[in-house]
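# Close look at the chain arrangement
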Amino acid sequence: MIKVIVCENYEEISKKSAEIVAKQINEKADSILGLATGSTPVGMYKELIEMNKSGKLDFSKVGSFNLDEYYPIKHSDDQSYYYFMNDNLFAHINIDIANTNIPNGEAEDADAECERYEKLIDESAGIDLQILGIGHNGHIGFNEPDEKLITKTHLTALTEDTIMANSRFFASADEVPTAAITMGMETIMKAKKIILLASGKNKSDAVSMLTDNYIDTSCPATLLKLHPDVTLICDKDAFLK
Ligand code: GLP
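Right, let's walk through the structure included here.

The rules we used
- Residues numbered from 1 in each chain as written.
- Predicted model: local features only at pLDDT ≥ 70, side-chain atom pairs only at ≥ 80, totals over all residues.
- Heavy atoms only, no water.
- Phe/Tyr/Trp six-rings, centres within 6.5 Å; stacked < 30°, edge-to-face > 60°.
- Helix = DSSP H or I, 4+ residues; strand = E, 2+ residues; numbered from the N terminus.
- Buried < 20%, exposed > 50% of the residue type's maximum accessible area, 1.4 Å probe, protein only.
- 1 Å grid on protein atoms, 1.4 Å probe; cavity = no way out; pocket = protein on both sides within 12 Å on 5 of 7 lines; lining within 4 Å.
- Points joined across faces, edges and corners; volume = space filled by probe spheres on them.
- Nonpolar A, V, L, I, M, F, W, Y, C, P; charged D, E, K, R; others polar.
- Pairing = 2+ DSSP bridges.
- Contact = heavy atoms within 4.5 Å.
- Axes fitted to C-alpha atoms, helices over the stretch in contact; angles between N-to-C directions.

Let us look at the packing of aromatic side chains. Tallied over the entire structure, the rule returns 5 aromatic pairs. Relative to Y117, the ring of F65 has its centre 5.8 Å away and its plane inclined at 80°; by these criteria the two rings are edge-to-face. Here F65, found in strand β3 (residues 63–66), pairs with Y117, found in helix α4 (residues 110–123); they are 52 residues apart in sequence, far enough to count as distant. Of the two residues examined, F65 and Y117, each falls in the buried class. Plain terms: the ring middles of Y70 and F142 are 5.7 Å apart, the flat faces sit at 40° to each other, and that makes the pair tilted. Taken together, the residues span a long stretch of sequence, with Y70 in strand β4 (residues 68–70) and F142 in the loop between β6 (129–132) and β7 (154–157) at a distance of 72 residues. A residue is classified by how much of its surface remains accessible, and Y70, at 1% relative accessible area, is buried. Classification of F142 by relative accessible area gives buried; the value is 1%. An aromatic cluster is built from Y70, Y81, F142 and F170, whose rings are joined through pairwise contacts.

What follows is the structure, given as structure tokens:
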């Protein structure tokens with residue numbers, strides 16, 4: 001069952017989730033984090049930056065694996081998740097960049113890159129805490145709703161829905177990449193602990209499917225019900241349909 005924390009607003013989601021990340025790192029200095037992009041975790045990253053700057057949190061031994069990356073995309077593209085992570089977190093904390101990992105949007109061979117990434121996670125000590133956002137269609141990472149979901153890191157086509165949703169970050173929908181490399185469902189489920197952040201009314205349909213007794217591949221996040229340690233941290237707008 002997914003545990004639920006309903007917060008008053010976005011600010012509270014950011015604070016609560018940052019506290020959980022900080023606790024993880026304070027208990028285990030060399031924690032491996034699974035990191036997410038999108039607008040939802042930005043507030044949490046700001047809180048973590050503050051903690052680091054004020055000397056309350058040390059990232060020097062922390063490692064990380066990001067969930068996904070557009071494909072193909074240049075690291076220098078300001079819409080790449082590579083750029084996002086540097087801009088929103090890595091450049092502002094004392095993490096060793098050599099210990100951070102993001103699927104390579106510049107790789108020549110996407111399938112080989114997916115294999116490399118999955119292997120890298122397998123050969124690591126394992127993700128201690130995975131942070132997830134959720135698409136309004138219920139996707140996690142870029143595991144889009146479908147009859148069948150893929151277990152391992154893979155190249156995926158983005159749904160029209162996701163392209164439209166993400167077009168708000170681009171000059172136009174035509175500029176949104178149509179494919180991405182994403183951790184698969186099993187890759188995500190291997191994390192020891194997961195927190196899923198959701199904010200705003202446009203997430204309430206997807207969030208409402210997380211609290212019933214069904215698993216449905218048309219809302220990939222519902223598979224998280226099979227994981228022993230998942231906490232949904234959302235605001236009232238996302239919780240109430
Ligand atoms: C993106 C990412 C997801 C993210 C989701 C929600 O497409 N691949 O990891 O959770 O969309 O984004 P936002 O937080 O901006 O609503």
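Still to come is the rest of the account.
Looking at the largest pocket, its volume works out to about 460 Å³. When its residues are assigned to classes, the lining of the largest pocket shows 10 nonpolar, 14 polar and 3 charged. For the lining of the second largest pocket, the element with the most residues is helix α3 (residues 81–88), which contributes 5 residues. For the lining of the second largest pocket, the residue count by class is 7 nonpolar, 5 polar and 2 charged.

Each strand in a sheet pairs with its neighbour through backbone hydrogen bonds, running either in the same direction (parallel) or in the opposite one (antiparallel). Strand order in the open sheet made by the 7 strands is β1-β10-β9-β6-β2-β3-β5, with parallel pairing throughout. Both outer strands of the open sheet, β1 (3–7) and β5 (100–101), are each paired with one neighbouring strand and no more. Examined bridge by bridge, strand β2 (residues 32–35) and β3 share 4 bridges and lie parallel to one another. Along β3, the bridge assignment pairs G34 with F65. Against the sheet, α4 contacts β3 and β5, and its axis sits at roughly 145° relative to β3.

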